[in-house]
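Take a look at the letters that make up each chain.
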Amino acid sequence: MQIIYSDLLCIGAGLAGERVAVEAAKAGFDVICLSIVPPRRSHSSAAQGGMQAALGNAIMGDGDSPDIHFADTVKGSDWGCDQEVARIFADTAPIVMREVAHWGVPWNRVEAGVHTYYKGGKPFDAEEKRDKHGLIHARAFGGTAKWRTCYTADGTGRSVLNTLDSMCLRYEVGIHDRTQAEALIHDGENCLGAIVRCLKTGELKAYLATATLIATGGYGRIYRATTNAVICDGGGQIAALDTGLVPMGNMEAIQFHPTGTVPTDILVTEGCRGDGGTLLDVNEYRFMPDYEPEKAELASRDVVSRRMQEHIRKGLGVKSPYGDHLWLDIRHLGEKHITTKLREVYDICTNFLGVNPIHDLIPVRPTQHYSMGGIRTDKDGAAYGLKGLFSAGESACWDMHGFNRLGGNSLAETVVAGRYVGKKIVEFLQGHTVDFKQSAINDAHTKVAARIMEMTKSSSKQESAIQLRDEMHSIMMDNVGIFRNGKDLQTAVDQLEELIDRSKNIKLQGSAIGFNPEISLALRIPGMLKLAQCTAYGALMRTESRGAHTREDFPERNDKEWLNRTLAYWKEGKTRPELKYEEASPYFEIPPGERGYGGGKIITADIPEEKLRVPGKGAGEKKEKPSQKAS
Ligand SMILES: Cc1cc2nc3c(=O)[nH]c(=O)nc-3n(C[C@H](O)[C@H](O)[C@H](O)COP(=O)(O)OP(=O)(O)OC[C@H]3O[C@@H](n4cnc5c(N)ncnc54)[C@H](O)[C@@H]3O)c2cc1C
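The written sequence of each chain sets the order in which its residues are numbered from 1. Only residues with pLDDT of 70 or above have their local features reported here, since the model is predicted, and side-chain atom pairs are shown and tallied only from 80 upward, although totals for entire chains, interfaces and linings are computed over all residues. Computation of side-chain values covers all heavy atoms of the structure but excludes hydrogens and water.

- Per an unreviewed UniProt entry, the recorded name for the chain is succinate dehydrogenase, and the organism is Halodesulfovibrio marinisediminis DSM 17456.
- One UniProt comment on the chain, placed under Subcellular location (unreviewed entry), says "Cell inner membrane".
- UniProt positions are given in the numbering used here, feature names are shortened, and annotations may be inferred rather than shown by experiment. UniProt, in its Cofactor (unreviewed entry) section for the chain, records the words "FAD".

Structural data, given as structure tokens:
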């Protein structure tokens, strides 16, 4: 077996993986990034709308600050986030946004003078300031008090990823694409790298490294209807969970985006609503202000998705062969706006839906979109349970998102966490050595090789990976969606247990062990089922409603009993995870309160004095107890 050494192994070459890689390579370390696809095809490239940072350049962002960004993020998370992490994030985002501009990201810029913008379908004029001319511009996104979502037309993810990938070339990061990590190599205490499968030849290789980063993105593909790319199957989370030592955080925290298109599930960006798009029902009536008078279409995603689903349940959706949907209306924005600032939306609608958004309504409905849960790390990005293992980006539960991430906060998280965690990894690498125990390498290799051998050779096996995937999709779509209840969740948990048992008997139809999509899926399915089970079981046990986790049988947000984070561990041979809980946040700069949108009852908790901190100061000195109501 070929063995490849590096100081840092980044599993994943999306925005988070590449940003961490650049930080370590700049510090002189030898870095390798693995990716299933060429890095520029990573899922980050599909992000259209933008990245949040409190720059305050646009007139509609005037007076913005990291404090306001922090407050929006905490409220958006429904107080499920780690406020220490959200503070690091909000304070660092403006620095990182300017840094990537310096590296070449062509941000849209402020143009001085009067401009016509839209809110809720209505035009208004605003004058951009002369002294801000040429600075990074911003647009509105859901759940924000100020316009702070920086963008490059609606191809933000692509431009930032191209820039980061060029930086990787400049700093000579080794990019090994068409390679898929299958298992972590560890000795019970230290992570030593990964067993990796070459997708062209099927060869297994050991990548050994002093530090290993998992930055493999989300696990949206456990659902059938998702905006996520086909490679978002949670490979990194599976490898971590399979160690039995590394827990997943808040796997039940799944975000549904209001505007997945019907029937393709391709996303049209939140920028549509941010730029003034409205949601209409079967009667072409704008219903959101009835539910959310204050924020309407620009409430947070969990709230808008819930309201849409409620409206469809009232029979006010549009019937279609693909199920009921609603309409997104951006016609009033006009041809110039749609073909420049929303040009990818224009292309998606015309190419995939046969709809011209300049003249026609766009069919949309809430669709699985983002994984708030993932590999639980501390604030430095170090995974719980194994030394030398880190995670960043959507694969991680660093936890600035809690139970709902704000639009534009995820792309920003990839580069902010990438920089921050990258620096912590550099500190870790300085002076640290590991013993690459041969027995650990052999164990990990033998397990993966045996799985492949059994699937291809054993005559007693008969399960189809594709069949298991389809059944998992149905279970998740039917029982673990936007509205959840104990009965359906119990059904999901029971049925997933059966699938997990059956997945031990997967048999391949074909026999090729090299370039063969079936074998990739077959290797991944048992792990995807475990991630699905962590999601379903975590949701069953969390008897409250918080952010995107809505329990019809427990409609209150229960701060008294559930102001915590679920940790899911998987012990070998089990069919459901072992759950533990930890406090949601080490301290509260903003004590739990009302979000200002979404409604719903709250069972309040009395936060101890020592857990309250001075706003804007993080873990600074205590002061008199602030009001429990968030302003
Ligand atoms: C359609 C869409 C639009 C979005 N728009 C926005 C937006 O406008 N603003 C915003 O803030 N957020 C947006 N998001 C969310 C945001 O794009 C993602 O959260 C973010 O890009 C994730 O980046 P990442 O680096 O963590 O992972 P990714 O970009 O998903 O990269 C994962 C990497 O891991 C690799 N990989 C995966 N598994 C393995 C394995 N087993 N072995 C080796 N390599 C592996 C992949 O090849 C890839 O290189 C959007 C998401 C979607 C789905």
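Things to note about the environment of Tyr346
Point 1. Relative to the helices and strands, Tyr346 resides in helix 10 (residues 343-353).
Point 2. Residue exposure (1.4 Å probe, protein chains only): buried if accessible area is under 20% of the type maximum, exposed if over 50%, otherwise partly exposed. Judged by relative accessible area, Tyr346 falls into the partly exposed class, the value being 24%.
Point 3. In the structure, Tyr346 is positioned eleven residues away from Glu335 in sequence and 9.6 Å away in space, judged by C-alpha atoms.
Point 4. We call two residues in contact whenever any of their non-hydrogen atoms come within 4.5 Å of each other. The contact partners of Tyr346, leaving out residues within four places of it in the chain, are Ile338, Thr339, Asn356, Pro357 and Ile358. Each helix is a run of H or I in the DSSP string that is no shorter than four residues. Each strand is a run of E no shorter than two, and both are numbered from the N terminus.

Thoughts on the site of the ligand
Point 1. The environment of the ligand is made up of 40 residues, and the closest members are Ser42, His43, Ser44, Glu394 and Ser410.
Point 2. The term polar contact refers here to a pair of N or O atoms within 3.5 Å; inside protein, the definition further demands a hydrogen-donor-capable atom paired with an acceptor-capable atom, and it admits residues adjacent in sequence only when both atoms are side-chain atoms. Within the backbone of Ile36, an N or O atom sits 3.0 Å from an oxygen atom of the ligand.
Point 3. Contact between the ligand and Ser42: an oxygen atom at 2.7 Å from a side-chain N or O atom of the residue.
Point 4. Elements with a minimum of two residues in the shell around the ligand: helix 1 (15-26), strand 2 (31-35), strand 8 (179-186), strand 15 (362-371) and helix 11 (409-429). Near residues are defined by distance, with any heavy atom within 4 Å of the molecule or strand qualifying the residue.

Thoughts on the sheet that holds strand 13 (residues 278-280)
Two strands in a sheet stick together by hydrogen bonds in their backbones, pointing the same way (parallel) or opposite ways (antiparallel).
Point 1. Taken together, the four strands give an open sheet; going across it, the order is 12-15-14-13, and neighbouring strands pair in antiparallel fashion. Here the strands that pair on one side only, and so sit at the sheet edges, are strand 12 (254-261) and strand 13. In this sheet, adjacent strand axes meet at a mean angle of 45° when their direction is disregarded.
Point 2. For two strands to count as paired, DSSP must find a minimum of two bridges between them. Where strand 13 lies against strand 14 (residues 326-329), three bridges are found, and the strand directions are antiparallel. By the bridge assignment, Leu280 is partnered in strand 14 with Trp327. Axes here refer to lines fitted to C-alpha atoms; in helices the fit is confined to the stretch in contact. Angles between the N-to-C directions go from 0 to 180 degrees.

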